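Each chain is listed here by its residues.
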Amino acid sequence: MEHVLGTPLYFADPHAPWQRPVNENFNGLVRRWLAKSTDLSIYSQADVDAIARRINHMPRRSLN
C-alpha cells in the first residue's frame, strides 16, 4: 500500500494512546461537548454540525 500512496504508513499499537497524540487531543475536544457513551440520537444534525464547526475552527498548535 505504501508504494501506491507514495508515503509511509504507520499503525499505532492497540491500547497505546501515546502513539497517536493528535487523535487523543481531538477526542478530548469532543468530550468538552459530548460525554463518553453519550446517546447521539438525542442531538439533531444541526447540533452535531455546530459542535463540529466549533471544533474545526479552534486553533491547534499541532497544525499551526
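Residues numbered from 1 in each chain as written. Predicted model: local features only at pLDDT ≥ 70, side-chain atom pairs only at ≥ 80, totals over all residues. Heavy atoms only, no water.

## Here we look at the overall build of the chain
Put simply, the rule is: The helix count covers DSSP runs of H or I at least four residues long, the strand count covers runs of E at least two residues long, and both are numbered beginning at the N terminus. Each radius of gyration is computed over the set of C-alpha atoms, and the globule rule expresses the reference value as 2.2 Å times the number of residues to the power 0.38. Only protein chains enter the accessibility calculation, which uses a 1.4 Å probe; a residue whose area is less than 20% of its type maximum is buried, one above 50% is exposed, and one in between is partly exposed. Calculation of accessible area relied on Shrake-Rupley with a 1.4 Å probe; when residues are assessed, cover is drawn exclusively from the protein chains displayed.
Secondary structure summary: the chain contains three helices and zero strands in total. Mapped from its N terminus to its C terminus, the chain presents α and β elements in the order α-α-α. In terms of overall dimensions, the chain is more spread out than a globule: its C-alpha atoms have a radius of gyration of 15 Å, far above the 11 Å expected for 64 residues. Overall size of the chain, expressed as C-alpha extent along the three principal axes, is 45 × 25 × 25 Å. Counting over 64 residues, the chain shows a buried share of 11%. Carbon together with sulfur atoms contributes 57% to the accessible area of the chain, which is approximately 5,700 Å² in total.

## Some points on the nonpolar core
Applied cut-off: We define the nonpolar core as a collection of buried residues of types Ala, Val, Leu, Ile, Met, Phe, Trp, Tyr and Cys that are connected through side-chain atoms lying within 4.5 Å of one another. Whether two residues are in contact is decided by their heavy atoms, any of which lying within 4.5 Å being enough.
Judged by nonpolar contacts, Leu29, Val30, Leu34, Ile51 and Ile55 together constitute the single largest core of five residues. For this core, the secondary structure elements donating two or more residues are α2 (21–31) and α3 (45–56). Residues contacting Leu29, with those up to four places away along its chain left out, are Ile55, Met58 and Arg60.

## Notes on the confidence of the model for the chain
When pLDDT is low, close inspection of the predicted coordinates is not appropriate. Where we set the bar: For every residue, the predictor assigns a confidence score, pLDDT, that lies between 0 and 100.
Averaged over every residue, the pLDDT of the chain is 87; residues scoring 70 or more account for 92%. The spread of mean pLDDT over the elements of the chain runs between helix α1 (residues 2–5), the lowest at 77, and α3, the highest at 93.

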